[in-house]
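Listed below, chain by chain, are the residues.
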Amino acid sequence: MKCGYVAVLGRPNAGKSSLINRIVGEDVAIVTKRQQTTRNNILGIANGEGYQIIFIDTPGIHHSKNKLDRFMMKNVRSALSTADVVVYLIDASKDVDDEERDYIRMLSGKAEKLIVVLNKVDKKLVADIDADIKISVQENINIDNLISKIVELLPENNMIYGEDEYTDKSINFLICEHIRGLLLEKIDNEIPHGVAVVVDSMNEQKDKVFLDISIIVEKERHKGIVIGKKGALIKELGIRAREYAERLFDKQVVLHLFVKVDENWRDSSTDRYGY
Ligand SMILES: Nc1nc2c(ncn2[C@@H]2O[C@H](COP(=O)(O)OP(=O)(O)OP(=O)(O)O)[C@@H](O)[C@H]2O)c(=O)[nH]1
Ligand SMILES: [Mg+2]
């Protein structure tokens, strides 16, 4: 069968995570209106007739400002080195600048099997660039053709993951990312990217799971924003995170959320918070 790794690259907000979630059929990666949502490389696995595509979702390509940024760009390079096929996604509704053209040129020299994809063709076309295929993830346009193009380029291989697996990430990771996604959605512009979410402790019993999770913010005043008026936001987050966790664990979950301040988390220790 055809089986291999497909790195999905592109500028922040091009729709990389959306594309992977669409093809995988489950939400393995968070999708938001914001730029630079994805931090870690996430595998999303799509099984089909005679193929297994293992997508690597990557953080959007951008300039590095701090340690977190550099970590994200390292993830892009490592995805590139594992990939059998590279899908480069371009937002059709935006201008393609010289830097991006250079990057695509560099990729076509480096990656043997590159597919350049224009996404968001449901919107007004602005990008002036030759692409191999035009799609809209949102409107489900041409996604099947893209899958066929990818499968054609994949090597002959035995299946790498089980048929019912759709990601390599742990349930805890998915829960933390889910909470981060809810936060990015809820706290419009107030705390741009200074949020990390970590599991402090997990105790799984036969019929119940106990989870303590911390939301790390950079500033004391951000703490109040995450907690919300009379604790309204943290309460809502707790409920939605618990519902999501119960779906993944298929058990009752007792979930406690904490908010902590660590001013330098983005620059101090990328290890401590898994980023
Ligand atoms: N109109 C339109 N919007 C889309 C389409 N695909 C994705 N989007 C939207 O584009 C935004 C960014 O999508 P993401 O999937 O988070 O983009 P990303 O490339 O993973 O972004 P980063 O992780 O930040 O690099 C979201 O608001 C999506 O709903 C599309 O085909 N059409
Ligand atoms: Mg993403």
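Refer to the structure printed above.
Residues numbered from 1 in each chain as written. Chains lettered and ligands numbered in written order. Predicted model: local features only at pLDDT ≥ 70, side-chain atom pairs only at ≥ 80, totals over all residues. Heavy atoms only, no water.

Some thoughts on the site of ligand 1
1) Next: Not every one of the 23 residues close to ligand 1 is listed here, only the nearest: Lys16, Ser18, Gln36, Thr37 and Asp122.
2) Next: Between ligand 1 and glycine 15, the relevant distance is 2.9 Å, taken from an oxygen atom to a main-chain nitrogen or oxygen of the residue.
3) Next: Between aspartate 122 and ligand 1, the recorded distance is 2.8 Å, taken from a side-chain N or O atom to a nitrogen atom.
4) Next: When isolated, ligand 1 has an accessible area of 660 Å², and the protein chains bury 90% of it.
5) Next: Among the cavities detected, the one that contains ligand 1 is the second largest pocket.
6) Next: The dominant element in the shell around ligand 1, judged by the number of residues it contributes, is helix H1 (residues 16-24), at three residues.
7) Next: Classifying every residue of the shell around ligand 1 by side-chain character gives four nonpolar, 13 polar and six charged. (Near = heavy atom within 4 Å. Polar contact = N/O pair within 3.5 Å; in protein donor to acceptor, adjacent residues only side chain to side chain. Areas by Shrake-Rupley, 256 points an atom, 1.4 Å probe, with all protein chains shown as cover. 1 Å grid on protein atoms, 1.4 Å probe; cavity = no way out; pocket = protein on both sides within 12 Å on 5 of 7 lines; lining within 4 Å. Sits in = over half its atoms within 2 Å of the grid points. Helix = DSSP H or I, 4+ residues; strand = E, 2+ residues; numbered from the N terminus. Nonpolar A, V, L, I, M, F, W, Y, C, P; charged D, E, K, R; others polar.)

Regarding the sheet that holds strand E9 (residues 252-261)
1) Next: The three strands lie next to each other as E7-E8-E9, forming an open sheet whose pairing is mixed. The strands lining the two open edges of the sheet, one partner per strand, are strand E7 (196-204) and E9. With strand direction ignored, the average angle separating the axes of adjacent strands in the sheet is 20 degrees.
2) Next: Sheet topology note: the E7/strand E8 (residues 208-217) ladder contains eight bridges and is antiparallel. The partner of glutamate 204 across the bridge, within E8, is valine 209.
3) Next: Contacting E7, E8 and E9, helix H5 (residues 171-186) crosses the sheet at an angle of about 140 degrees to E7.
4) Next: On top of the sheet, helix H6 (residues 220-227) reaches E8 and E9; it is set at about 150 degrees to E9, its chief contact. (Pairing = 2+ DSSP bridges. Axes fitted to C-alpha atoms, helices over the stretch in contact; angles between N-to-C directions. Contact = heavy atoms within 4.5 Å.)

What about the packing of H1 against helix H4 (residues 143-153)?
1) Next: For the pair H1 and H4, the least separation of the axes is 11 Å and the interaxial angle reads 90 degrees. Regarding the angle of H1 to H4, the classification is roughly perpendicular. Contacts between H1 and H4 pair Leu19, Arg22 and Ile23 from the former with Ile143, Leu146 and Ile147 from the latter.
2) Next: Of the residues belonging to the contact of H1 with H4, the class tally is five nonpolar, no polar and one charged. (Parallel < 35°, antiparallel > 145°, perpendicular 65-115°, else oblique.)

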